Amino acid sequence: MAVTKGKKGYQQFKNDLAADTIGTLYLFYGEETYLREYYLEQLRKKLVPAGFEAFNYHRLDGKNLTVQTLAEVVEALPMMAERTLVVVTDFDIYKQGEDQREKLIALLSDFPDYCCLVFVYDLLTYKPVATMKKLKAAMDKYVQSVEFPIQEGSDLINWVGRRFKALGKGIDRQTAEHLIFTCGSLMTGLVPEIEKIGAYAKGKTITKADIDAVADPVLDAKVFDMTNAITASKYDKAAAILGDLLKEQTEPILILGAVGKELRKIYTARIALDSGKDRLWLMELWGMKSDYPARLLMNVARQTSREWCDDAVKMCQKLDRRMKSEKGIDSVGELKLLLMQLGASR
């Protein structure tokens with residue numbers, strides 16, 4: 001019987017953890033490292049008695065790990081506990097040699113029930129290889145894949161609310177959406193921002209001004225502010241944001257890529273307005289998990305024309321090709337010139 005995988009595997013894992021029916025073999029992967037580390041800690045608390053971690057809890061670096069060494073650790077009997085927990089980080093399962101693959105398949109197919117083994121993909125990206133049929137079949141049969149994706153809108157907003165509540169603060173939905181838009185959707189990055197904002201805020205309820213005063217915006221949020229300033233004919237503000245990004249040593253090609261993507265979003269929002277489509281269409285087109293960025297885009301697009309959007313996107317594409325093909329190009333100077341041209345065309 002095939003083991004549950006991916007997002008369904010995540011929900012099944014949560015259910016099993018709550019019901020104390022923890023399995024033996026797991027594979028953890030996905031962008032949301034905060035959730036991954038949280039559930040690894042919950043596993044440890046469930047399986048490893050306090051004071052016996054040295055005997056029953058083992059963390060292994062997968063870089064130079066052999067299956068023989070892994071098998072020795074896995075087969076070691078627990079001490080003063082029913083089970084052991086073994087966590088292996090960045091063991092590239094599908095890049096092992098044939099001999100190692102065969103030994104891994106044998107280990108998975110005859111795995112001791114007193115051990116819980118978790119393969120964690122942290123720095124490496126998990127990519128199953130369909131052509132390795134025997135190994136993939138063994139992984140599908142015996143190992144429960146648990147993906148920790150970026151959380152959906154409502155779940156993330158509720159989590160933000162709980163984090164602020166623990167600090168004695170409240171936050172409404174729209175302000176939480178602004179925080180997520182400003183600081184990104186990853187819980188790992190949001191945790192320190194929430195702590196910082198909670199410490200700064202004087203009132204019991206977090207405001208947009210509190211967030212803007214101390215939060216460290218992600219690149220996309222800064223670029224949105226920059227393009228928004230351009231469409232509002234506020235060139236000085238746009239130039240100041242670009243200057244800050246360059247002072248932070250953000251690579252010009254990354255800035256240009258973000259600017260180009262934002263202008264394409266504004267272009268599609270302008271198309272939506274011209275063709276009578278709403279923000280839901282925009283959300284589906286760009287895979288947005290909240291309508292907050294869609295509403296912002298619609299507001300920005302109202303300040304533009306379809307012709308300006310078309311020209312702006314083409315200017316970015318032209319500069320992108322030049323940056324990637326011409327040697328010795330003054331990338332910083334060209335970026336500043338692009339902003340001037342975008343502003344002038346307004």
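Keep in mind that what you see is a predicted model, and the values were worked out from it rather than measured.

Trainee: What is the right way to look at the packing of aromatic side chains in this model?
Mentor: What characterises a pair of aromatic rings is the spacing of the ring centres plus the angle enclosed by the ring planes. Applying the stated rule across the entire model yields 17 aromatic pairs. Ring centres of Tyr10 and Phe148 lie 5.5 Å apart, and the angle between their planes is 75°; this geometry places the pair in the edge-to-face category. A residue pair is termed long-range when its members are at least 10 positions apart, and Tyr10 in helix H1 (residues 6-18) and Phe148 in the loop between strand S5 (144-147) and helix H7 (153-166) qualify at 138 residues. Take Tyr10 and Phe148: they sit in the same class, and that class is buried. For the pair Phe52 and Phe55, a centre-to-centre distance of 6.4 Å together with 45° between the ring planes defines the contact as tilted.

Trainee: Got a minute to help me understand the sheet that holds strand S4 (residues 115-120) in this structure?
Mentor: By way of backbone hydrogen bonds, the strands of a sheet pair with one another, either parallel or antiparallel. Spatially, S2-S3-S4-S1-S5 is the arrangement adopted by the five strands of the open sheet, whose pairing is parallel. In this open sheet, the two edge strands, each paired with only one partner strand, are strand S2 (57-61) and S5. Each adjacent strand pair in this sheet contributes to an overall mean axis angle of 20°, direction not counted. As paired strands, strand S1 (residues 25-29) and S5 are joined by four bridges and run parallel to one another. The partner of Phe28 across the bridge, within S5, is Val146.

Trainee: Sorry if this is basic, but what is going on with unusual backbone geometry here?
Mentor: Among all residues save glycine, negative phi is the norm, and among peptide bonds the norm is trans. Positive phi, close to 60°, is recorded for Asp20, a residue that is not glycine. Turning to its location among the elements, Asp20 is positioned in the loop between H1 and S1. Given the relative accessible area of 53%, Asp20 is considered exposed. With a phi angle near 60°, Asp90 is a residue other than glycine that sits in the positive phi range. Among the residues examined, Asp90 registers a relative accessible area of 12% and is labelled buried.

Trainee: Looking at this structure, how should I read the pattern of salt bridges?
Mentor: Oppositely charged side chains can pair when the atoms bearing their charge come close. One pass over the structure, following the stated rule, counts 21 salt bridges. The shortest N-O distance in the salt bridge between Asp20 and Lys46 comes to 2.9 Å. Separated by 26 residues along the polypeptide, Asp20 in the loop between H1 and S1 and Lys46 in helix H2 (residues 33-47) bring together distant segments of the chain. On the accessibility criterion, Lys46 (40% relative accessible area) is partly exposed. The closest approach of N and O atoms between Arg279 and Asp291, which form a salt bridge, is 2.9 Å. One end of the pair, Arg279, is in helix H14 (residues 279-286); the other, Asp291, is in the loop between H14 and helix H15 (292-301), with 12 residues separating them in the sequence. Relative accessible area serves as the criterion here: at 37%, Arg279 is assigned to the partly exposed category. According to the relative accessible area criterion, Asp291 is buried, its value standing at 18%. The structure contains a network of salt bridges with shared partners spanning Arg173, Glu177, Arg279, Asp291 and Arg295.

Trainee: How should helix H11 (residues 219-231) be read in this particular structure?
Mentor: For an α-helix, 3.6 residues make a turn, and residues three or four places apart therefore share a direction. Over its 13 residues, H11 extends 18 Å from the first C-alpha to the last, a length consistent with the 18 Å expected when each residue adds 1.5 Å. Residues of H11 that are buried include every one of Ala221, Lys222, Val223, Phe224, Met226, Thr227, Ala229, Ile230 and Thr231, and no others. Residues of H11 that are buried make contact with helix H8 (173-183), helix H12 (235-247), helix H13 (252-275), H15, helix H16 (306-325) and helix H17 (331-345). One or two steps after H11, the chain reaches Ser233, where phi turns positive at roughly 60°.

Trainee: Even after reading the chapter, I still don't get the side chain of Asp16, so can you show me in this structure?
Mentor: Among the structural elements, Asp16 can be located in helix H1. Of the side chains with opposite charge, Arg83 comes closest to the buried, unpaired Asp16, at an N-O distance of 9.6 Å. Not counting the four nearest positions on each side in its chain, Asp16 is found in contact with Thr21, Ile22, Tyr26 and Gln144.

About the criteria used
Residues numbered from 1 in each chain as written. Predicted model: local features only at pLDDT ≥ 70, side-chain atom pairs only at ≥ 80, totals over all residues. Heavy atoms only, no water. Phe/Tyr/Trp six-rings, centres within 6.5 Å; stacked < 30°, edge-to-face > 60°. Helix = DSSP H or I, 4+ residues; strand = E, 2+ residues; numbered from the N terminus. Buried < 20%, exposed > 50% of the residue type's maximum accessible area, 1.4 Å probe, protein only. Pairing = 2+ DSSP bridges. Axes fitted to C-alpha atoms, helices over the stretch in contact; angles between N-to-C directions. Salt bridge = Lys/Arg side-chain N within 4 Å of Asp/Glu carboxyl O. Expected span 1.5 Å × (residues − 1). Contact = heavy atoms within 4.5 Å. Lys, Arg positive; Asp, Glu negative; His and termini not counted.

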